[in-house]
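So the chains spell out like this:
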Amino acid sequence: MPLKHYLPLFPAFRKEHPSVGFQLRQGSVQDLTDAVSKGEIDIAFVSPVPKDRTDVDGHIFFTEKLLALLPISHPLADYPMLRLGQLKNEPFVLFRSGYALHHLVTSACQQVGFKPRIAFEGEDIDTIKGLVAAGLGVSLLPEITLSEQLPGETVKIELSEPNVTRTVGVIIPQGRELAPSERKFFEFLTHFYEVLNRFGQ
């Protein structure tokens, strides 16, 4: 998930702990997971949260759906809901290979019987949105990334089949104690999302 979606958390935490500073680093899920494992960083926001790593401890905060993003001129743009199979002949705009969202989308397509024809690959959400807005293909993107700044030339549509989701959360080291400041931040995040999930996002 883009870092900007987490940014409001930092001022809230700093208000309670004004002496704690942050060093921010971005990368793929694989890069961040390896960095936590090696001790280069202590906490990483990731999506999806890894399930098959024994060297990090994953904590899921919520699960979100992926939605179809189509150019507004697309013949299916007026549909209230789509089956992923309806897009099998369309060019796709995806994150490049190696990114978790690339694997998630291609796996979902294969699940319903087709291999997506990839027209363009990008490395950030805004680029992918822009390519779709230009009419160069369709995409599947996480719901939270489409809740704001949706290009006017695009439309987001929910998928009825399959239900494509991803987990969102953090990872911390397995078998290595967090420093007191990092522990406070982790506990702050855990409490924040517990309250958010209890009372609705």
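Use the structure listed above.
These numbers come from a predicted model, not from an experiment.

What counts, and where the lines are drawn
- Residues numbered from 1 in each chain as written.
- Predicted model: local features only at pLDDT ≥ 70, side-chain atom pairs only at ≥ 80, totals over all residues.
- Heavy atoms only, no water.
- Salt bridge = Lys/Arg side-chain N within 4 Å of Asp/Glu carboxyl O.
- Helix = DSSP H or I, 4+ residues; strand = E, 2+ residues; numbered from the N terminus.
- Buried < 20%, exposed > 50% of the residue type's maximum accessible area, 1.4 Å probe, protein only.

Visitor: Outline the pattern of salt bridges, supporting the account with residue identities and numerical values.
Guide: In the structure shown here, the tally under the stated rule is seven salt bridges. The salt bridge partner of Glu40 is Arg25, with a shortest N-O separation of 3.3 Å. One end of the pair, Glu40, is in the loop between helix H2 (29-38) and strand S1 (44-46); the other, Arg25, is in the loop between helix H1 (9-16) and H2, and 15 residues separate them in sequence. Classification of Arg25 as partly exposed rests on a relative accessible area of 45%. A salt bridge links Asp42 to Arg176; the shortest N-O distance between them is 3.6 Å. Remark: Arg176 occurs in the loop between strand S8 (165-173) and helix H5 (180-199) and Asp42 occurs in the loop between H2 and S1; sequence separation between them is 134 residues. Given a relative accessible area of 23%, Asp42 falls into the partly exposed group. Of the residues examined, Arg176 reaches a relative accessible area of 30% and is grouped as partly exposed.

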